[in-house]
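Coordinate inspection notes
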Amino acid sequence: MTDDSLLLRCITCFSLNRLPESRLKQRPLCGKCKAVLEVPAGPVAAVPANLDRDIAYWPETLLMTFTSRWCVYCKIYNPVVSSLAEERSGRLKVITVDVDAHPDLAKRHNVTKTPTFVVFKNGTMVVRMDGAPKDKNELITWVENLINYQSY
Ligand SMILES: [Zn+2]
């Protein structure tokens, strides 16, 4: 079933709003409290204190990427992830974790190599990719399929 509507959680009152993807550009308001529904326009850096909540409260697809400044593959794939976050804003939220800055987060998610990609749907981990994909297209296809897969 294809459906152009998506779910957005209001960061003011935490209620879920369902709206057509096309309305994202028109500064949609929360149906309950009328606050502007904010959508990340690109990757956001992990804030450890808020991370569990940020994952649990994102009702659509969330991609967490674990990267390192020293990783050659990360330099190749970071821009791909950034474009996906911009182009699929609203559907996809990207949270980036620098494993050198946050070794505790890497350990908690059993990350042993970079890049590692961990995908959540509606707050639940569904799949992960440990290590670089074979090329950019593999990564893009993988993420797009996960965005389009509807389990509800
Ligand atoms: Zn609200």
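Residues numbered from 1 in each chain as written. Predicted model: local features only at pLDDT ≥ 70, side-chain atom pairs only at ≥ 80, totals over all residues.

**Some thoughts on the domain arrangement of the chain**
Selection rule: Marked domain ranges trace back to an automatic or database domain assignment. C-beta atoms are placed from the backbone for every residue, and two residues are taken to be in contact when these atoms lie within 7 Å. Secondary structure is summarised from DSSP: a helix means a run of H or I of at least four residues, a strand means a run of E of at least two, and numbering begins at the N terminus for each. Here the term charged refers only to Asp, Glu, Lys and Arg, the term nonpolar to Ala, Val, Leu, Ile, Met, Phe, Trp, Tyr, Cys and Pro, and the term polar to all other amino acids, Gly among them.
Taken domain by domain, the chain holds domain 1 (1-38) and domain 2 (40-148). Across the boundary between the two partners, domain 1 contributes eight residues, which contact six residues of domain 2. If you tally residues by element for the side of domain 1 that touches domain 2, the top one is strand E1 (residues 5-9), at four residues. Across the side of domain 1 that touches domain 2, the residue classes break down as six nonpolar, no polar and two charged.

**Remarks on the pairing of strand E7 (residues 124-130)**
Successive side chains on a regular strand alternate, one facing one side of the sheet and the next facing the other. Stated formally: We treat two strands as partners when DSSP finds at least two bridges between them.
Two elements, strand E6 (residues 116-121) and E7, share six bridges in a ladder whose sense is antiparallel. Of the residues in E7, the one forming a bridge with Thr116 is Asp130. Taken together, E6 and the strand that follows it, E7, pair antiparallel across an intervening segment of two residues, in which Asn122 is found at a positive phi of about 50°.

**Side note on helix H2 (residues 72-87)**
Cut-off, in case you're wondering: Here the expected span of a helix is defined as 1.5 Å times the quantity of residues minus one. Values of bend correspond, residue by residue, to the angle between axes fitted over the seven residues ending at that residue and the seven starting there. The burial label depends on the number of other C-beta atoms within 10 Å of a residue's C-beta. Counts of 20 or more mean buried, 12 or fewer mean exposed, and intermediate counts mean partly exposed, with C-beta atoms placed from the backbone.
The end-to-end C-alpha distance of H2 is 24 Å, a good match for the 22 Å that 16 residues give at a rise of 1.5 Å each. Helix geometry: H2 is bent most strongly at Asn78, by close to 30°, with proline Pro79 lying one to four residues after it. What H2 keeps buried is the set Cys74, Tyr77, Val81, Leu84 and Ala85. Its buried side turned inward, H2 meets strand E4 (61-67), strand E5 (92-98) and helix H4 (136-148).

**What about the packing of H2 against H4?**
Cut-off, in case you're wondering: A fitted line through C-alpha atoms serves as each axis, taken over the contacting stretch for helices, and the angle formed by two N-to-C directions is quoted from 0 to 180°. Put simply, angles under 35 degrees are roughly parallel, angles over 145 are roughly antiparallel, angles from 65 to 115 are roughly perpendicular, and the rest are oblique. By convention, the crossing between two helices is left-handed when the near helix turns anticlockwise from the far helix through less than a right angle, and right-handed when the turn is clockwise.
Running from N to C, H2 and H4 point in directions that differ by 30°, and their axes come no closer than 10 Å. What the angle tells us is that H2 and H4 run roughly parallel. Once H2 is placed against H4, the crossing between them reads as right-handed. Residues Tyr77, Val80 and Leu84 of H2 form the contact with H4, whose own contacting residues are Lys136, Leu139, Ile140 and Val143. For the contact of H2 with H4, the class distribution of residues is six nonpolar, no polar and one charged.

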